[in-house]
Amino acid sequence: MPLPSFISMYQQLIAAPSISAIEDSQCMSNKSVIELLARWCETLGFTCEIIELEGGKGRYNLLAKRGKGDGGLMLAGHTDTVPFDDSRWNHNPFKLTELDNKLYGLGSIDMKGFFAFVLQAISELDEKQQTQPILILATADEETTMAGAQQICKHPNLKPARCIIGEPTDMTPVFTHKGHMSTAIRVIGRSGHSSDPERGLNAIEIMHKVTSKLLFLKEQLKHKYSLSHFEIPYPTLNFGNIHGGDNANRICACCEMHIDMRPLPGLSVKELQALVLDATKEINQQYPNAVSVIDLHEPIPAFTGNTDSALVILAEKIAGQKAIAVNYCTEAPFIQQLGCETIVMGPGSINQAHQPDEFLAMEKIKPSQKIISNIIKASCFNIN
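Residues numbered from 1 in each chain as written. Predicted model: local features only at pLDDT ≥ 70, side-chain atom pairs only at ≥ 80, totals over all residues. Heavy atoms only, no water.

- The chain goes by Acetylornithine deacetylase in an unreviewed UniProt entry, where it is assigned to Pseudoalteromonas fuliginea.
- If you open the UniProt record of the chain and go to Cofactor (unreviewed entry), you find "Zn(2+)". (UniProt positions renumbered as here; feature names shortened; annotations may be inferred.)

**Focus: the packing of helix α3 (residues 113-123) against helix α9 (residues 365-380)**
Line of reasoning, step 1. As a packed pair, α3 and α9 sit with axes 9 Å apart at the nearest point and diverge in direction by 60°. By the angle class used here, α3 and α9 are oblique. Both α3 and α9 take part in a crossing whose hand is right-handed. On the side of α3, the interface is formed by Phe114, Phe117, Val118, Gln120, Ala121 and Ile122, while α9 contributes Ile365, Ser368, Gln369, Ile372, Ser373 and Ile376.
Line of reasoning, step 2. Tallied by class, the residues present in the contact of α3 with α9 amount to eight nonpolar, four polar and no charged. (Axes fitted to C-alpha atoms, helices over the stretch in contact; angles between N-to-C directions. Helix = DSSP H or I, 4+ residues; strand = E, 2+ residues; numbered from the N terminus. Parallel < 35°, antiparallel > 145°, perpendicular 65-115°, else oblique. Left-handed = near helix turned anticlockwise from the far one by under 90°. Contact = heavy atoms within 4.5 Å. Nonpolar A, V, L, I, M, F, W, Y, C, P; charged D, E, K, R; others polar.)

**Describing the packing of aromatic side chains**
Line of reasoning, step 1. A complete count under the given rule lists seven aromatic pairs for this structure.
Line of reasoning, step 2. Where Phe6 meets Tyr10, the ring centres are 5.3 Å apart and the plane angle is 65°; that geometry is what we call edge-to-face. Taken together, the residues span about one helical turn, with Phe6 and Tyr10 both in helix α1 (residues 6-14) at a distance of four residues. For the pair Phe6 and Tyr10, one class covers both residues: buried.
Line of reasoning, step 3. The interplanar angle of 75° and the centroid separation of 6.5 Å between the aromatic rings of Phe84 and Trp89 together place this pair among those described as edge-to-face.
Line of reasoning, step 4. Site record: aromatic cluster; members linked through ring pairs are Phe6, Tyr10 and Phe117.
Line of reasoning, step 5. Over the aromatic face of Phe359 sits the side chain of Lys102, whose NZ or CZ is 4.5 Å from the ring centroid. (Phe/Tyr/Trp six-rings, centres within 6.5 Å; stacked < 30°, edge-to-face > 60°. Buried < 20%, exposed > 50% of the residue type's maximum accessible area, 1.4 Å probe, protein only. Lys NZ or Arg CZ within 6 Å of the ring centre and 35° of its normal.)

**Some details on unusual backbone geometry**
Line of reasoning, step 1. Residue Asp110 is joined to Met111 through a cis peptide bond whose omega torsion reads -15°.
Line of reasoning, step 2. Looking at the element boundaries, Met111 is found in the loop between β5 (102-104) and α3.
Line of reasoning, step 3. At Asp141, a residue that is not glycine, the phi angle is positive and equals roughly 60°.
Line of reasoning, step 4. Along the chain, the position of Asp141 falls in the loop between β6 (134-139) and α4 (147-152).

**Side note on the sheet that holds strand β9 (residues 181-188)**
Line of reasoning, step 1. If you trace the four strands from one edge of the open sheet to the other, you get β10-β11-β9-β12, paired in antiparallel fashion. Edge positions in the sheet fall to β10 (236-244) and β12 (291-295), since each has one partner strand and no second. Pairs of neighbouring strands in the sheet enclose a mean axial angle of 20°, with direction left out of account.
Line of reasoning, step 2. Both β9 and strand β11 (residues 254-262) contribute to a ladder of eight bridges, which runs antiparallel. Looking across to β11, one finds that Ile185 is bridged to Met257.
Line of reasoning, step 3. Relative to β11, helix α5 (residues 203-224) is tilted by about 15°, and along the sheet it contacts β9, β10, β11 and β12. (Pairing = 2+ DSSP bridges.)

**Quick look at the pattern of salt bridges**
Line of reasoning, step 1. Overall, the coordinates contain eight salt bridges when judged by the stated rule.
Line of reasoning, step 2. We note a salt bridge from Asp170 to Lys364, for which the minimum N-O separation is 3.4 Å. Of the two residues, Asp170 sits in the loop between β7 (162-165) and β8 (174-177) while Lys364 sits in the loop between β15 (359-361) and α9, which places them 194 residues apart along the sequence.
Line of reasoning, step 3. Judged by its relative accessible area of 34%, Lys364 is partly exposed.
Line of reasoning, step 4. For Arg250, the salt bridge goes to Asp246, with nearest N and O atoms at 2.8 Å. (Salt bridge = Lys/Arg side-chain N within 4 Å of Asp/Glu carboxyl O.)

**Describing the sheet that holds β15**
Line of reasoning, step 1. Read across the sheet, three strands follow the order β4-β5-β15 without closing on themselves; strand pairing throughout is antiparallel. Two strands in the sheet have a free side with no partner beyond their single neighbour: β4 (97-99) and β15. Neighbour-to-neighbour, the strand axes of the sheet open up by a mean angle of 25°, direction not taken into account.
Line of reasoning, step 2. As defined by bridge partners, β5 adjoins β15 across three bridges and the pair is classed as antiparallel. Within β15, the residue paired with Lys102 across the bridge is Ala361.

**Examining the nonpolar core**
Line of reasoning, step 1. Counting residues in each nonpolar core, the largest one holds 57 residues, and the members touching the most others are Leu37, Leu119, Ile136, Met345 and Ile376.
Line of reasoning, step 2. Elements with a minimum of two residues in this core: α1, α2 (31-43), β2 (60-66), β3 (73-78), α3, β6, α7 (310-319) and α9.
Line of reasoning, step 3. For this core, the leading source of residues is α3, giving eight residues.
Line of reasoning, step 4. Aside from chain neighbours lying at most four places away, what touches Leu119 is Leu3, Met9, Leu37, Trp40, Cys41, Leu44 and Ile136.
Line of reasoning, step 5. With 29 residues, the next largest nonpolar core counts Ala203, Leu214, Tyr225 and Ala290 among its residues. (Core = buried A, V, L, I, M, F, W, Y, C linked by side-chain atoms within 4.5 Å.)

This is the structure we're talking about:
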């Protein structure tokens, strides 16, 4: 069976929902996307391994390989998408819509579409001239826990020399990025009637003290740590949401705030966790065990790369752009544990990621395709 056309692959990938979310009620299996990709990879002569994630729940990784031995180039991406707000979309998120020279659809650039680019590029190359293995990795749950990448980096027989993670960078090579931590600060007080404040312990008032400490920490991070590669050169701390209490005439017994932190390379997750705990230590001494610090998901470390690796130099030459650092995070720190040179580089703009009416600008298709094809040729083919 021949490989479908580029647009047909795009259409079928977008039409297969694979939402990943913290809330179980919004989650979907990615199996249909994995099966599509496996079928197309087999058409191109790849051997496919479909691996269910530990804990089940209908989440799968795909590892496809063509060629023998270790080394070669791995092209990696995630198959899940973020949830969407139907009221803010003007197009069906699960139907590829072409309008005004744009391809709209959930996952069009973040990042199901990358697989269509990769498969199209490989289909146009002569397999007989392939000299190094080509691997395609499709993971699950990148948008939440990164469980797929965390599991695949423990694979006993996976040893590529290089890996490109095709997140949307407008085909600019990314050699390093910040990490990501989502943390809940939970304050447990003691309820009571509002007319007698001393008989209760107001969790909102304690949270006010916690917030003051964290604002001080936020400024400390800004002035203590800095890397000039980044547009935002310091670690960030964001207050994402807060909720507590249930009635004006009741002393609030519970208040919870969620914060987001982005560590720089060189600032470990453990060090940042310790700084948050230290910020709440004095308050917990004043109100014993009132404040808890809870990870909302496994923290994602920063991706530490360098600009003089062979893969970065190759990508810069082919793309005609210098490698950069970015503030968002990807699966790169986990994939890197396989021992391969790793960069992030893919079609589409990060400005469209997680946005209503996500789209790929169609004028970017041919130049992006050419760059991807040339990198595959330079890494795995004997073609002048």
